[in-house]
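Coordinate analysis (summary)
What follows is each chain in one-letter form.
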Amino acid sequence: MEPVSLQDYVRALDPASLPRVLRVCSGVYFQGSIYEISGNECCLSTGDLMKITHIGLQKVVCKDPETGQTMELAPDFQGLFSPITSPQSYGTLEELVSAATQHSRKLPICFMSTHRITTEARTVTEAQPLKLEAVEMHHGTYYARCVLGTGVQQAFLHLPLSQKGCFWELKLGDPQTLLQVLQDPALRDGPLTCPVLPWHFLTLRPEYEVEAIMHLRRTIVKIPSTLEVDVEDVTASSQHIHFIQPMLLSEALARGGPFPLSTEILEVPEGPCPFLSPWVGCLQKGQKLCIQGLASPPWRFLASTKGRKVPRHFMISGAYQGKLRRRPREFPTTFDLLGALQPGRPLRVAVTKDCEVDGLETPGFTSLAMGDRLEVLGTGQALGAQERDIEVLVCQRLSDQTGEEEEEDGEEEDQEQILLPLYFPGSFVEELRDGRRYSLQDLTAQFSLPCEVKVVAKDTSLPVDPLPSFPGLRLEEKIMEPFFVVSLDSNPEMCFEIPPRWLDLTVVEAKERPSQPAGPLPIATVEELTEAFYYRLRKLSAFESQTPPPRPPKSKSLDRQKKPGRKVKDAQSFQVLEWQEPALLPKPKTKTLPMVRKDRSKLCNEVSGHKKGPRPTQPIRQDTDDGHDYEEILEKFPKTL
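Right, let's walk through the structure included here. If you're wondering where the values come from, they're calculated on a predicted model, not measured in any experiment.

Let's talk about the overall build of the protein
Looking only at helices and strands, the protein features 12 helices and 41 strands. A burial count over the protein gives 41% of its 641 residues as buried. The long-range share in the protein, meaning contacts at least 24 apart out of those at least 6 apart in sequence, stands at 72%. Surface accessibility of the protein: about 36,600 Å² in total, with carbon and sulfur atoms responsible for 50%.

Spelled out as structure tokens, the structure:
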């Protein structure tokens, strides 16, 4: 096949014959973008091969041959087109008129001349359509009254019937749709008429978008048919050519199989790998991998080590088979206590350091001492000194007795209930009497995260399980993410899991058929993470939805420093408006706080009481006026300077 322009080749191409293989005979390069312009390919080198898989009509350019004006038509244009045919030629206009009257055809008729016609008024170029409307006599000579052009640009000509030339009568064919006209090779460049368009005669030039596969192009290449490049059809001699088409692991995931799939690495993502595992060094260009399929289950747990100056971070698969035991949790604030409270599960903690509440700032709240034991009951609303509702944590102070002794004496004596603001910076540790050994799935199903655990039995399916060597782990969060189970072609025993979202390798499908493993694959279910990647995971949307702890109220002492003359009102005790305990939480054996108290003084005495004795709190100072006139130091200070 001789080289032709890409536009002519695509216009003559039958979509039923696809795919077709083309060779670029003369390349083209658009300066300003090496690869794409508006999403289309714009750089083709001489000798490139491409396999056309699909062509799509983008638009049709409609042109008036008389004036050269153009307009664009959408592919779904609903107008009908009639082709203009020329079955016979005539030597003079008189022969054209005689033939029309003999076949009982009435005027007007359309015709064109293959030669240029020159008159006193103007010149008619060759192949320019004319409309013969009538035959008139002037000074004893018969003339044909003709119309040239359309609309306001019409021009009338009077041509003698004896005018010689080569005249072709133009006849209108059957109306056809736009797509029918474009698919008919006989009407490809011929003149047409359309009643809904403002021109009598027009030509159509379609523009297509070509989708092709090229060597080492990961995606389908889109090429406009108007690209000025010559191509040659080499389909017959290119049956043995295999186009290498790269793909990302994320694309293989979206494709959904079939698995297992043999691949070869073409490119590794730039930057440090998020995993600190031995198999990371094997991910190099040219390494052959076998994608076995999707890992099951799809969830993972983020965990950090405890008891070390520099914590290490791990991602643990839901298929981990080690045994875990719960460890007491630590809570730096009362807000953390509220987050750990679960329905139906009592939460008891011990205070690990003295925590004193400023009585002037927060009257009605109780200070805590190291060794105090509390049981968290729920949340409530307290009325503060400035008549503002403050959310508080309602707790019950427990005795120093053990759990069994407490149950025996609990019915005889009521325990004290105290209020703690959610911004209270305390220090608590959980009282835990649970020696059971849990699997990872059972533990996370019964208890909320975060959770403190100790791995007491390693996963025997792993060659090396690093988790039992740590004194404690903190299970931070559960994430859902698809992973591929991947094995090395050179070492089928090394099997690991790769998340396409975070380690998106560029691979190409290999010709070799994947080998079937003899037994179950040993999969690494524990992966150590880099510190940067761990904190990147903590910034996901699931973590951003967590509400921050409340801010403490503004200090009144700062207000008094800014405004020395302002007097502080008498501090009022807090009033508990209401409090809620979580659903299914066992009711305490002691009495609950009243919903509404009319007498605030009684409530203050009731909350501040403690069977061990009163705890030291800062006295509430009130402004008094005893008649003394004190000197203002700030007034004399500038004089000393």
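Describing the nonpolar core
Residues Leu6, Met50, Phe81, Leu202, Leu204 and Ile223 are the most contacted members of the largest nonpolar core, which totals 34 residues. Breaking this core down by element, the ones donating at least two residues are helix H1 (6–12), strand S2 (20–26), strand S7 (49–63), helix H3 (178–183), strand S19 (203–214) and strand S20 (221–224). Excluding residues that lie within four positions of it along the chain, Leu204 makes contacts with Arg11, Val60, Val61, Cys62, Leu73, Phe81, Leu178, Val181, Leu182, Arg188 and Leu192. The next biggest cluster of nonpolar side chains, apart from the first, holds 31 residues, and it includes Trp279, Met315, Phe484 and Leu488.

Things to note about the sheet that holds strand S22 (residues 247–248)
The strand order across the open sheet formed by 6 strands is S22-S39-S23-S24-S37-S38, and the pairing between neighbours is antiparallel. Either end of the sheet is taken by a strand with one partner, and the two such strands are S22 and strand S38 (495–498). Across 4 bridges, the pairing between strand S37 (residues 484–488) and S38 is antiparallel. When the sheet's bridge partners are listed, Phe484 is paired in S38 with Ile498.

Some thoughts on the sheet that holds strand S34 (residues 438–439)
Strand pairing in a sheet takes place through backbone hydrogen bonds and is either antiparallel or parallel in direction. On the basis of which strands lie adjacent, the open sheet formed by 7 strands has the order S34-S27-S35-S36-S25-S26-S40 and antiparallel pairing. Edge positions in the sheet fall to S34 and strand S40 (526–529), since each has one partner strand and no second. In the sheet, strand S25 (residues 299–306) pairs with strand S26 (residues 313–317) via 5 bridges, with the strands oriented antiparallel. What sits directly across from Ala303, in S26, is Phe314.

Some details on a nonpolar patch on the surface
On the surface, a cluster of nonpolar side chains totalling about 350 Å² of accessible area is made up of Leu107, Val135, Met137 and Tyr142. You can see Tyr142 is positioned in strand S15 (residues 141–148). The class for Tyr142 is partly exposed, based on a relative accessible area of 47%.

Describing the pattern of salt bridges
Counted by the stated rule, this structure contains 20 salt bridges. Here Asp434 makes a salt bridge to Arg326, at a shortest N to O gap of 3.3 Å. One end of the pair, Asp434, is in the loop between strand S33 (428–430) and S34; the other, Arg326, is in strand S27 (residues 323–326), with 108 residues separating them in the sequence. Since its relative accessible area comes to 14%, Arg326 is described here as buried.

Considering the side chain of Arg11
With respect to the helices, strands and loops of the structure, Arg11 is situated in helix H1. Given the relative accessible area of 15%, Arg11 is considered buried. Beyond its immediate sequence surroundings of up to four residues, Arg11 is in contact with Arg188, Asp189, Leu204, Arg205, Pro206 and Tyr208.

Focus: empty space enclosed by the protein
Summed over the entire model, instances satisfying the criterion amount to 3 cavities of 30 Å³ or more. Lining the largest cavity are Arg11, Val181, Leu182, Leu187, Arg188, Leu204, Pro206 and Tyr208. Of all the secondary structure elements, the ones that give two or more residues to the lining of the largest cavity are H3 and S19. At 3 residues, S19 tops the list of elements feeding residues into the lining of the largest cavity. For the lining of the largest cavity, a count of residues per class yields 6 nonpolar, no polar and 2 charged. Roughly 50 Å³ of volume is contained in the second largest cavity. As for the second largest cavity, its lining consists of Phe275, Arg300, Met315, Ser317, Phe483, Glu497, Ala524, Thr525 and Glu527. In terms of residue class, the lining of the second largest cavity is made up of 4 nonpolar, 2 polar and 3 charged.

A closer look at the packing of aromatic side chains
Applying the stated rule across the entire model yields 11 aromatic pairs. Consider the rings of Phe77 and Phe81, whose centres lie 5.8 Å apart with planes at 50 degrees: the pair is tilted. According to the relative accessible area criterion, Phe77 is partly exposed, its value standing at 23%. Given a relative accessible area of 0%, Phe81 falls into the buried group. By way of ring pairs, the aromatic residues Phe275, Trp279, Phe483, Phe496, Trp502 and Phe533 are connected into one cluster.

Some thoughts on helix H2 (residues 93–102)
Within H2 the residues assigned to the buried category are Leu93, Leu96, Val97, Ala99 and Ala100. One side of H2 holds all its buried residues, which, seen down the axis, span an arc of 160 degrees. Exposed side chains of H2 directed beyond 90 degrees from the buried face belong to Thr101 and Gln102. A positive phi of about 55 degrees marks Ser104, the residue just after H2.

Conventions and cut-offs
- Residues numbered from 1 in each chain as written.
- Predicted model: local features only at pLDDT ≥ 70, side-chain atom pairs only at ≥ 80, totals over all residues.
- Heavy atoms only, no water.
- Helix = DSSP H or I, 4+ residues; strand = E, 2+ residues; numbered from the N terminus.
- Buried < 20%, exposed > 50% of the residue type's maximum accessible area, 1.4 Å probe, protein only.
- Contact = heavy atoms within 4.5 Å.
- Areas by Shrake-Rupley, 256 points an atom, 1.4 Å probe, with all protein chains shown as cover.
- Core = buried A, V, L, I, M, F, W, Y, C linked by side-chain atoms within 4.5 Å.
- Pairing = 2+ DSSP bridges.
- Patch = residues over 30% accessible without salt bridge, like charges linked within 9 Å, V, L, I, M, F, W, Y side chains within 5 Å.
- Salt bridge = Lys/Arg side-chain N within 4 Å of Asp/Glu carboxyl O.
- 1 Å grid on protein atoms, 1.4 Å probe; cavity = no way out; pocket = protein on both sides within 12 Å on 5 of 7 lines; lining within 4 Å.
- Points joined across faces, edges and corners; volume = space filled by probe spheres on them.
- Nonpolar A, V, L, I, M, F, W, Y, C, P; charged D, E, K, R; others polar.
- Phe/Tyr/Trp six-rings, centres within 6.5 Å; stacked < 30°, edge-to-face > 60°.
- Arc of directions from axis to C-beta.

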